[in-house]
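Architecture at a glance
If you want the building blocks of each chain, they are given just below.
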Amino acid sequence: MISVCLVDDQNLVRQGVRSLLDLAEDIRVVAECADGTQAVADIPRIKPDVVLLDLRMPNMSGLEVLQALSARNELPPTIILTTFDDDQLVLQGLKAGARGYLLKDVSLEQLVEAVRTVAGGGSLVAPMVTQRLMAGVARMQNQFTSLEQPDPLTERETEILRLLSGGYSNKEIANSLKVAEGTVKNHVSNILSKLGVRDRTRAVLKALEMGIV
């Protein structure tokens, strides 16, 4: 059972998302937070498998929630809930540690699959990147904490990075390439090291910035 925490200041949004997730047999909403302050207090205690997080909230924004929990190494796999006009905030959220983003009018199938993907270690970045987000990546390129000239990736590392950008988990990549999951983990570690980033989402953003994927 995948446990989920909903963080959104709009009660109707929380009700709508909960009603969709209630239809999935393997997903359970274990907590709801109406603002960022409550989220920062409750999430480390509840330890949900996945957080669905609104970015635009009063008092403490979703971005501040991401930054606060990341700083304390208490950020669970998190999906940003957003609207069409949030492109720059989404980029900042991804940079702060979110695994991906969904539009608030998402379908049941997309929502459930996204929660399962992120709970399994995958990310949702590249398949949903719009041209406006890509432009944002270019504008933010100097803000990434990474090496100015990363070491070149091997052909296999590049292949794995492209699969990462597609949202595949280590296990799915291992099955696809017919190698051990531990081998994939080693390659991912090498990729992060060479790109000078600390997690998979930043690796995908860096790869987008560099034109690798």
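In the annotation of an unreviewed UniProt entry, the entry for the protein reads DNA-binding response regulator, and the organism field reads Rhodanobacter denitrificans.

Next up on the list: the state of the cysteines. The tally for this structure, following the rule as stated, stands at zero disulfides. The structure places no disulfide on Cys5, whose sulfur is separated from the nearest cysteine sulfur, that of Cys33, by 3.9 Å. The exposure class assigned to Cys33 is buried, which follows from its relative accessible area of 0%.

With that settled, the discussion passes to the pattern of salt bridges. Summed over the entire model, instances satisfying the criterion amount to 10 salt bridges. Notably, a salt bridge pairs Arg14 with Glu32, separated by 2.9 Å at the nearest N-O pair. Remark: Glu32 occurs in strand E2 (residues 27-33) and Arg14 occurs in helix H1 (residues 11-21); sequence separation between them is 18 residues. We classify Arg14 as buried; its relative accessible area is 11%. By relative accessible area, which is 26% here, Glu32 ends up partly exposed. In this structure, Lys194 and Glu157 form a salt bridge, with 2.9 Å as the shortest nitrogen-oxygen distance. With Lys194 in helix H9 (residues 181-195) and Glu157 in helix H7 (residues 155-165), this residue pair connects regions lying 37 residues apart in the sequence. Judged by its relative accessible area of 17%, Lys194 is buried.

Attention shifts here to the UniProt feature "modified residue: 4-aspartylphosphate" (unreviewed entry) in the protein. In the UniProt entry, the feature "modified residue: 4-aspartylphosphate" (unreviewed entry) is given for Asp54. Looking at where Asp54 falls in the secondary structure, it is placed in strand E3 (residues 50-54). Contact partners of Asp54, with chain neighbours within four places excluded, come to Val7, Asp8, Asp9, Gly62, Leu81 and Lys104.

All right, on to the nonpolar core then. With 43 residues, the main nonpolar core has Val7 and Leu161 as its most contacted residues. Both domain 1 (1-125) and domain 2 (153-208) contribute no fewer than three residues apiece to this core. Filtering out sequence-adjacent residues up to four positions away, Val7 remains in contact with Cys33, Asp35, Ala39, Ile43, Val51, Leu52, Leu53, Asp54 and Met57. Core analysis: the second largest hydrophobic core is formed by 21 residues, Val4, Leu6, Val13 and Val118 among them.

The subject of this paragraph is the confidence of the model for the protein. Put simply, the protein has an average pLDDT of 83, and 85% of its residues get 70 or more. The model gives residues 126-131 a pLDDT under 50, and that stretch makes 12 contacts with residues more than four places away or in other chains.

By the bridge criterion, six bridges tie strand E1 (residues 2-7) to E2 in an arrangement that is parallel. Across the sheet, Cys5 pairs through a bridge with Ala31, a residue of E2. Remark: the E1/H1/E2 crossover connection has right-handed handedness.

On to the side chain of Asn170, then. Inspection of the secondary structure puts Asn170 in helix H8 (residues 170-177). If sequence neighbours within four positions are ignored, Asn170 has contacts with Glu181, Val184, Lys185, Val188 and Arg200.

Another aspect to go through is the environment of Ser123. Position of Ser123 relative to the elements: it lies in the loop between helix H5 (108-119) and helix H6 (131-139). Between the C-alpha atom of Ser123 and that of Gly100, which follows or precedes it by 23 residues, the distance is 5.8 Å. Each residue touching Ser123, except ones within four places of it in the same chain, is listed here: Arg99, Thr117, Leu164, Gly167 and Thr201.

Conventions we followed
- Residues numbered from 1 in each chain as written.
- Predicted model: local features only at pLDDT ≥ 70, side-chain atom pairs only at ≥ 80, totals over all residues.
- Heavy atoms only, no water.
- Disulfide = S-S within 2.5 Å.
- Buried < 20%, exposed > 50% of the residue type's maximum accessible area, 1.4 Å probe, protein only.
- Salt bridge = Lys/Arg side-chain N within 4 Å of Asp/Glu carboxyl O.
- Helix = DSSP H or I, 4+ residues; strand = E, 2+ residues; numbered from the N terminus.
- UniProt positions renumbered as here; feature names shortened; annotations may be inferred.
- Contact = heavy atoms within 4.5 Å.
- Core = buried A, V, L, I, M, F, W, Y, C linked by side-chain atoms within 4.5 Å.
- Domains from an automatic or database assignment.
- pLDDT = per-residue confidence, 0-100.
- Pairing = 2+ DSSP bridges.
- Right-handed = clockwise from strand over helix to strand, strands pointing away.

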